[in-house]
Amino acid sequence: MNEKIDKPAAGVKRTGQKAAAKPSGGKAARRPAPRRPAIPYTAAEIAEIFRRFSVQRPEPESELEHSNPFTLLVAVVLSAQATDAGVNKATRALFAAADDPQAMATLGEDAIREHIKTIGLFRNKAKNVAALSRALVENHGGEVPNDRTALEALPGVGRKTANVVLNVAFGEETLAVDTHIFRIGNRLHIAPGRTPDEVEANLLKVIPQPYRRHAHHWLILHGRYVCKARKPDCGACVIADLCRAEVKTADVPAPLTPLPPGPPVAARPA
Ligand code: SF4
């Protein structure tokens, strides 16, 4: 356990390693590949971190309420710079009025705006939801496509939204880096990166099978309820013994017990 990554797991590349020098044969030496930050964990330690998350929540769930891929897509589009609880509050009535692309397109931008006016950026989001609903009807037979390129071509849908839909609705091993996952990747030095895309790429390199499918939710839930931004709750952390964060305040891991698949009961709306 104390040996650092010398022999990465399959698909895990060693970080902080210089590109192997090639014989120059008199020619100018090749420029070395950019250095990736070193990860202070062995492959076995990273596997153990995700094994514990998997014991806590074998089948984690999205906190965004949805009933099909379309309502999931809309909820994720609405969740940018908004809380899941705030989105759920607005979408209950919205999805009662329209829960498929045709119905949403018929409902129209003005009515959508009325339903979501408690959510930040609601004007722009209403425009996008109306436009993406029309695009799904016109170009995809009223279905949400199981395809990154097609998803990212929809109004208001970027890489992060596509990753959530591909993961939750279609079971793909994607990872949408939100503020919590970005913080954990850097704070724990498990997948350091300057941008969400870098953290995503580095996490996908180190997370072993069989944990890639649910890593997205485990990390979000861990970041939201335990490894919090201002004051991480290290005493309640099941990976406290493995964590290499400078800010950690405990070395003894919390007992590993199964938790509800979504938020802790205490954090659920009454
Ligand atoms: S020990 Fe503390 S800093 Fe490390 S993962 Fe747990 S909560 Fe976060």
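Given the structure is predicted, the values throughout are model-derived calculations rather than measurements. (Residues numbered from 1 in each chain as written. Predicted model: local features only at pLDDT ≥ 70, side-chain atom pairs only at ≥ 80, totals over all residues.)

Digging into the overall build of the protein
Quick note on the threshold: A run of DSSP states H or I qualifies as a helix once it reaches four residues; a run of E qualifies as a strand once it reaches two. Both are numbered from the N-terminal end. Three exposure classes are used. Buried residues have 20 or more other C-beta atoms within 10 Å of their own C-beta, exposed residues have 12 or fewer, and partly exposed residues fall in between, all C-beta atoms being placed from the backbone. Residue pairs qualify as contacts under a 7 Å threshold applied to their C-beta atoms, which are placed from the backbone.
Assigned secondary structure in the protein consists of 10 helices and 0 strands. In the protein, the succession of helices and strands from N to C terminus is α-α-α-α-α-α-α-α-α-α. By the burial criterion, 36% of the 270 residues in the protein qualify as buried. Intrachain contacts of the protein at a sequence separation of at least 6 include 56% that bridge at least 24 residues.

Description of the site of the ligand
Test applied: Here, nearness is defined through the C-beta atom: a residue counts as near a molecule or strand if that backbone-placed atom lies within 6 Å of it. The nonpolar class holds Ala, Val, Leu, Ile, Met, Phe, Trp, Tyr, Cys and Pro. Asp, Glu, Lys and Arg form the charged class, and all remaining residues, Gly among them, are polar.
Around the ligand sit 14 residues, and of these Cys-227, Pro-232, Cys-234, Cys-237 and Cys-243 come closest. Taken together, the residues of the shell around the ligand sort by class into 12 nonpolar, no polar and 2 charged.

Thoughts on the confidence of the model for the protein
The condition is simple: Confidence of the predictor at the level of single residues is given by pLDDT, which spans 0 to 100.
A residue-level look at the protein finds 83% of positions with pLDDT of 70 or above and a mean pLDDT of 88. Below a pLDDT of 50 lies the segment residues 1-26, which in the model reaches 35 contacts outside its immediate sequence neighbourhood of four places, other chains included.

A look at the UniProt feature "binding site: [4Fe-4S] cluster" (unreviewed entry) in the protein
Convention followed: UniProt positions are given in the numbering used here, feature names are shortened, and annotations may be inferred rather than shown by experiment.
According to UniProt, the positions carrying the feature "binding site: [4Fe-4S] cluster" (unreviewed entry) are Cys-227, Cys-234, Cys-237 and Cys-243. Over a stretch of 17 residues, the named residues converge on one spot in the fold, their C-alpha atoms separated by at most 10.7 Å. Tracing the backbone through its elements, the reader meets Cys-234 in the segment after helix H10 (215-225). When the 20 C-beta atoms within 10 Å are taken as the criterion, Cys-234 is described as buried. Residues within four places of Cys-234 in sequence aside, it is in contact with Ala-240, Lys-248, Thr-249 and Ala-250.

Considerations on helix H5 (residues 122-140)
The condition is simple: In this scheme, a helix's expected span is set at 1.5 Å multiplied by one less than its residue total.
Given a rise of 1.5 Å per residue, 19 residues ought to cover 27 Å, and the 25 Å separating the end C-alpha atoms of H5 matches this to within 8%. Looking at the buried residues of H5, the elements they touch are helix H2 (69-78) and helix H4 (101-115). Phi turns positive, to about 60°, at Gly-141, one or two residues after H5.

Side note on the nonpolar core
Spelled out, the test is: Linking buried Ala, Val, Leu, Ile, Met, Phe, Trp, Tyr and Cys residues through C-beta atoms within 7 Å yields a set, and such a set is a nonpolar core. Marked domain ranges trace back to an automatic or database domain assignment.
Core analysis: the biggest nonpolar cluster contains 65 residues, and Leu-73, Val-76, Val-129, Val-165 and Cys-237 have the highest contact counts within it. At 8 residues, the largest contribution of residues to this core is made by H2. Looking at which domains feed residues into this core, each of domain 1 (36-61 + 173-257) and domain 2 (69-168) supplies at least three. The contact partners of Leu-73, leaving out residues within four places of it in the chain, are Val-144 and Val-165.

Here we look at the packing of H2 against helix H7 (residues 159-168)
Our working rule: Simply put, an axis is a line fit to the C-alpha atoms, just over the touching stretch for a helix, and the angle between two N-to-C directions goes from 0 to 180 degrees. Angular relationships are summarised with four words: roughly parallel below 35 degrees, roughly antiparallel beyond 145, roughly perpendicular across 65 to 115, and oblique for the angles in between. Crossing chirality is assigned from the near helix's rotation relative to the far helix, an anticlockwise turn below a right angle marking it left-handed and a clockwise turn marking it right-handed.
Where H2 contacts H7, the axes come no closer than 10 Å and their chain directions differ by 150°. In terms of axis orientation, H2 runs roughly antiparallel to H7. Seen along the crossing, H2 lies across H7 with a hand that is right-handed. Between H2, through Pro-69, Leu-72, Leu-73, Val-76 and Val-77, and H7, the contact on the second element is made entirely by Thr-161, Val-164, Val-165 and Val-168. Residue composition of the contact of H2 with H7, by class: 8 nonpolar, 1 polar and no charged.

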